[in-house]
Structures are given as structure tokens and as C-alpha cells.
Amino acid sequence: MAEKGENEMKMITAKAPVNIAVVKYWGKRNEELILPLHDSVSVTLSKNELCAETTVAISKSFSQDKMWLNGKEQSMDNPRIQNCLREIRRRVRKRKTLEENSTEQEDLLNCHIHICSKNNFPTAAGLASSAAGYACLVFTLGKLFGVEGDLSEIARQGSGSACRSMYGGFVQWCTGEEENGTDSIAQQVASEQHWPSLRILILVVSNQKKGISSSQGMQQSVRTSELLKFRSEKIIPQQVDDITQAINDKDFSKFADITMKDSNQLHAICQDTFPPIKYMNDTSWSIVELVHKYNSFYGETKVAYTFDAGPNACLYLLEPCVPEVISLIRYCFPSSSDGRHFITGLPVQSVALSQELIQGLQFTPCPDGLQYIIHTQVGSGPELVDDSSEQMLDANGLPRTKCT
């Protein structure tokens, strides 16, 4: 909600979702503009379980631009943040002469900005924190400055996959052909209401920062991996068409198979990179093993896994399968911690596992292999927060909670 106080401060708060790709983005054709080598497709997750939240304030009383992230002050010299700010301001200047409130917009352009943002999940652990964060920043700035139209091109300049978090449901990021990147945007394949029975389980193996960032990993792969070039040119176009069709048809088996194969291809490329990159760990591979054994036991694909650039797994499945799959995960990855906090998100009933299933899987349990599980579903895109109590900046434009 926008508001003005005695110091003529304007403030807006918004939330934006995480998205998890089912056809991965890996590699850029233009590093500066963050233009991808190929298209990608993702699922937007519910903001109730995974989101970034950002408050942006603007005032003539601010002496400089400032930003705080998860309780720590950040440098505003980050070129990606500056790219987003610059493009928002450019769009305002381009249209301000056509607007009746152009004087007010000019005043806004001459003011400094304070940004306070947080995630309700680990940052830099392979859970698409940058996608949600930059999508939230761009959406909030767009609302603050009254910028209309598609903002995914701007979000892309903060973090590539952030463009997909600008929409809910199922989203495709189009590579585009223009050298300036104006047609490298996201578009919705299907809304969040399209497949109501689809569920997502995030298995958090580690919430520690990755040893090598996604950006660094992509750069190394582009320089050294022949598999990346082959995937981009020969595999991805058909893969995108096939999974888009599977989503439209709500064909879970086809959707799941493509999702798992694409995840495997990404991590094969990481191994083909020189020197090789390893994002998945032993627990990650145990999850892969369990999913395949489970599907084999039933003679059909009931669960799909995918791994971004990190060890944490994202499982796609249909709602009727959730109770048994969660009970199975708890059996195979028993936790010594308080069980009430082991599963978060949507409520789920526990069920007893049959001895036939346990014996048929022949899976060796991995105690404390998982930190916790997040149970969620397909969600909507960014939205404004009207509750003023959720604003992270106070009446002076400073963080409400103590920051370092």
C-alpha cells in the first residue's frame, strides 16, 4: 500500500514467489543483459510457503539509496540492482511527459530509495532466492513508480530466472532474438488454477551457501561443456514443446519424465564442465534412487524429482500421493529433531506404510539426511501487501528490526 507521511515519504510492500524450473535455464548468450542460451519452463510456488517480501520507500529526506537484505545492510553498488533501478527510471522518464502527474513522477525520480527485503527460506542454498528477490524488487518498484506493462524484462536483468517469478502458474522464459534483449521475456503457459491437484515437496538437504554460485557455474559450463551446446541446440526446443503440451493436457507421467530427465541433463552438464561442478551430494542421489524405486514398485510414474544448482530436491506429485510419499520420506530419512518442525507448509495426514512397500523398495534409511520438508502447491505471481504491520521500514524509512 502506498502512503505519504509528514516527510512526504511514499512506501509500498509486496511479496513475490519462488519458481522451480522443470526445463532448466543454464547458460547465457549475453552476460551483461542476462540473455539465456535457450528457453526454460518453470512452476511458480505458493507464496504462503516460499516467498520474498520487499518494502520500498522513497523520500526527499533520504540522503542516499540504501538496501537491507535479511537483516544486513547491502551495498547499492551491485550492478544487477542498479540495472533494475536504472531501467525502471528510464521507463518513467520515457512516458512522464504524457502523464498528467508528470511533475510528481519527476519528483520521485529525483529522490533516493530505501529497500528492505527478506526471504522466508534460506538464501544462496539452491532454492531460487534470487529469482523471488529480484522479482519482488522489480514488482515493488514498478508499483511505486506507476510503471505498467510487462516487467519480466527488467526482472531478468536482476536475475535471469526472476523473470519467471513475475507470473503465477506455469511459465516459459523465451530466449528471444533481439540483441538488446527486449523480446527475452517470460510468458504464462497456464494459470495457477489450471492443475489444482499438483503438489510440490521441497526436501531441504542443506541450507548452507553453495560452494559455487549459479552464475559462476553457468560461465564455466558455457566456456567448457560441449554437452551444454548440444542440449541447447538439439534437445531443448522439443523438450519445451513437449512439457508445455504435458502441462496443458495435465499429463503427469509425461510431465514427470521430462522433468527428471532435464534435471539429470543439467547435472550431467555440470560434470562435463571443466573443472567439474558438483551441486548434488550423497543425500541428493539417495532421493533420486528412492523416487525411481517408488515409481518402479507401482509400475507408473507417481513422483518426479528435480534439482536446481544445489543439493535440495523438489518433488512434483499429485495430491492423493502426498500422504504416502511424505510418510515414506520420513521413514527413509528419519530425523532426530522435533518431528513437529520437520514438515512445514500445507497440512498432511500421515499414513502407515505397508510392509510390502518397505520390503519392495529395499532402501537403506539415511538418518538425518534431511533438515526439513516444505509441502506446497502451485501459486500466483507477485502481489501488494495491504497490511501496514508487514511493512519492514518505519516512518523514517529505516528497518523496523535491528540490522547489521
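This one's a predicted model, so the numbers in the text were calculated from it and none came from an experiment.

## Brief notes about the environment of Cys-270
Here Cys-270 shows up in helix H7 (residues 252-272). The exposure class assigned to Cys-270 is buried, which follows from its relative accessible area of 1%. Considering only alpha carbons, one finds Cys-270 and Leu-227, 43 residues apart in sequence, at a separation of 9.3 Å. Setting aside its immediate chain neighbours within four residues, Cys-270 contacts Trp-26, Pro-276, Ile-277 and Tyr-279.

## Structural notes on the sheet that holds strand S2 (residues 19-23)
Read across the open sheet, the four strands follow the order S2-S5-S10-S11; overall the sheet is antiparallel. Each edge of the sheet is formed by a strand with only one pairing partner; in this case those strands are S2 and strand S11 (186-190). Averaged over all adjacent pairs, the angle separating strand axes in this sheet is 35 degrees, with direction ignored. Alignment of strand S10 (residues 170-173) against S11, held across four bridges, turns out to be antiparallel. By the bridge assignment for S11, Gln-172 is matched with Gln-187. Contacts from helix H6 (residues 226-249) reach S2, strand S5 (40-44), S10 and S11 within the one sheet, and its direction differs from that of S2 by about 115 degrees.

## What to know about the pattern of salt bridges
Under the criterion given, the structure shown has ten salt bridges. Measuring nitrogen to oxygen at the nearest pair gives 2.4 Å for the salt bridge that ties Lys-24 to Asp-308. In this pair, Lys-24 is assigned in the loop between S2 and strand S3 (28-30) and Asp-308 in the loop between strand S13 (303-307) and strand S14 (313-318), connecting sequence segments 284 residues apart. Of the charged contacts in the structure, one is a salt bridge between Arg-91 and Glu-153, with a shortest N-O distance of 3.3 Å. Of this pair, Arg-91 sits in helix H1 (residues 79-95) while Glu-153 sits in helix H4 (residues 152-156), and the two are 62 residues apart along the sequence. What makes Arg-91 buried here is its relative accessible area of 16%. When salt bridges with common partners are traced through the structure, they connect Glu-87, Arg-90, Arg-91 and Glu-153 into a single cluster.

## As for helix H5 (residues 214-224)
The set of residues buried in H5 consists of Gly-217, Met-218, Gln-220 and Ser-221. On an axial view of H5, the arc spanned by its buried residues comes to 165 degrees, and they lie on one face. Looking at the packing, one finds that the buried side of H5 touches S3, H6 and H7.

The rules behind each value
- Residues numbered from 1 in each chain as written.
- Predicted model: local features only at pLDDT ≥ 70, side-chain atom pairs only at ≥ 80, totals over all residues.
- Heavy atoms only, no water.
- Helix = DSSP H or I, 4+ residues; strand = E, 2+ residues; numbered from the N terminus.
- Buried < 20%, exposed > 50% of the residue type's maximum accessible area, 1.4 Å probe, protein only.
- Contact = heavy atoms within 4.5 Å.
- Pairing = 2+ DSSP bridges.
- Axes fitted to C-alpha atoms, helices over the stretch in contact; angles between N-to-C directions.
- Salt bridge = Lys/Arg side-chain N within 4 Å of Asp/Glu carboxyl O.
- Arc of directions from axis to C-beta.

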